[in-house]
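# Observations on chain architecture
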Amino acid sequence: MLKEDIAGRKLIYSTTNGTVALRQSAHAEHVYAAALLNGKAVVERILRSHRGQTILIVCAGSMGMVNLEDLYGAGYLVDLLSNALDESSDFSDAALAARSLFRAEDAADCCCVPVSAA
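Bear in mind the structure is a predicted one, so any value in this text is a computation, not a measurement.

## Some thoughts on the overall build of the protein
Scanning the protein for helices and strands turns up four helices and zero strands. The helix and strand sequence of the protein, counted from the amino end, reads α-α-α-α. With respect to the three principal axes, the spread of C-alpha positions in the protein is 45 × 30 × 30 Å. A buried classification covers 24% of the 118 residues belonging to the protein. Surface summary for the protein: the accessible area is close to 9200 Å², and the carbon and sulfur share equals 54%. The averaged location of the 14 negative side-chain charges in the protein is 9 Å from the averaged location of its 10 positive side-chain charges.

Right under this line is the structure:
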């Protein structure tokens, strides 16, 4: 995609991994699809509608494995949640690790294709 002339055009990116994660989450009472682009709005909605409830963030990953970009995105969501909740909130080690990655790295360093290839 970096070689294509897409400046000023809309790009729709489709992922089979996200589809798998959504299908596996289908039996949950509430499911939200979040990304860096809409993460703040999703977290605000969750806090409005489900404050005090357990929140599970599912990373789509790739072929059943964790991938860096999804872990970074999860860390962004955890960071937003931790900033909005009081200190008595409990986060799993996985959530804290994801948040640490988000706080320590730039998004461009966590994508599949090096930004310098552009």
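Still more ground to cover, so stick around.
## Some details on the packing of aromatic side chains
Tallied over the entire structure, the rule returns two aromatic pairs. With 5.2 Å between their ring centres and 55° between their planes, tyrosine 72 and phenylalanine 102 make a pair best called tilted. Of this pair, tyrosine 72 sits in helix 3 (residues 68–84) while phenylalanine 102 sits in helix 4 (residues 93–104), and the two are 30 residues apart along the sequence. On the basis of relative accessible area, tyrosine 72 is assigned to the buried category, the value being 8%. Between tyrosine 76 and phenylalanine 102, the ring centres sit 5.4 Å apart and the planes meet at 50°, which makes this aromatic pair tilted. Remark: phenylalanine 102 occurs in helix 4 and tyrosine 76 occurs in helix 3; sequence separation between them is 26 residues. Across the pair, phenylalanine 102 and tyrosine 76 agree in class, each one buried. Three or more aromatic residues joined by ring pairs make a cluster, and in this case those are Tyr72, Tyr76 and Phe102.

## Re the environment of valine 31
Inspection of the secondary structure puts valine 31 in the loop between helix 1 (16–24) and helix 2 (39–50). On the basis of relative accessibility, which here comes to 37%, the residue valine 31 falls in the partly exposed class. Along the sequence, valine 31 and alanine 60 sit 29 residues apart, while their C-alpha atoms lie 13 Å from each other. Non-local contacts of valine 31, meaning those with residues more than four positions away in its chain, are made with Leu22 and Ser25.

## Focus on the packing of helix 3 against helix 4
When two helices pack together, their arrangement is given by the angle between the helix axes and by the axis-to-axis distance. The geometry of helix 3 relative to helix 4 is characterised by a closest axis approach of 7 Å and an angle of 100° between their N-to-C directions. Taken together, the axes of helix 3 and helix 4 lie roughly perpendicular to each other. Mapping the contact onto sequence places Leu68, Leu71, Tyr72, Ala74, Gly75, Tyr76, Val78, Asp79, Ser82 and Asn83 in helix 3 and Ala95, Ala98, Arg99, Leu101, Phe102 and Arg103 in helix 4. Its residues assigned to classes, the contact of helix 3 with helix 4 shows 10 nonpolar, three polar and three charged.

## Looking at helix 4
Relative to the 16 Å expected for 12 residues at 1.5 Å per residue, helix 4 spans 16 Å between its end C-alpha atoms, a close match to the ideal helical length. Within helix 4 the residues assigned to the buried category are Ala95, Ala98, Arg99, Leu101 and Phe102. Down the axis of helix 4, the smallest arc covering the buried residues is 155°, so these residues share one side. Relative to its buried face, helix 4 has exposed residues pointing more than 90 degrees away, namely Asp93, Arg103 and Ala104. For helix 4, the elements touching its buried residues are helix 3.

## Section: the side chain of asparagine 67
Residue position: asparagine 67 is located in the loop between helix 2 and helix 3. When sequence neighbours within four positions are dropped, the list of residues in contact with asparagine 67 reads Gly61 and Ser62.

What counts, and at which threshold
- Residues numbered from 1 in each chain as written.
- Predicted model: local features only at pLDDT ≥ 70, side-chain atom pairs only at ≥ 80, totals over all residues.
- Heavy atoms only, no water.
- Helix = DSSP H or I, 4+ residues; strand = E, 2+ residues; numbered from the N terminus.
- Buried < 20%, exposed > 50% of the residue type's maximum accessible area, 1.4 Å probe, protein only.
- Areas by Shrake-Rupley, 256 points an atom, 1.4 Å probe, with all protein chains shown as cover.
- Lys, Arg positive; Asp, Glu negative; His and termini not counted.
- Charge placed at Lys NZ, Arg CZ, Asp CG, Glu CD.
- Phe/Tyr/Trp six-rings, centres within 6.5 Å; stacked < 30°, edge-to-face > 60°.
- Contact = heavy atoms within 4.5 Å.
- Axes fitted to C-alpha atoms, helices over the stretch in contact; angles between N-to-C directions.
- Parallel < 35°, antiparallel > 145°, perpendicular 65-115°, else oblique.
- Nonpolar A, V, L, I, M, F, W, Y, C, P; charged D, E, K, R; others polar.
- Expected span 1.5 Å × (residues − 1).
- Arc of directions from axis to C-beta.

In short, the description is geometric, and any link to function would need to be established separately.
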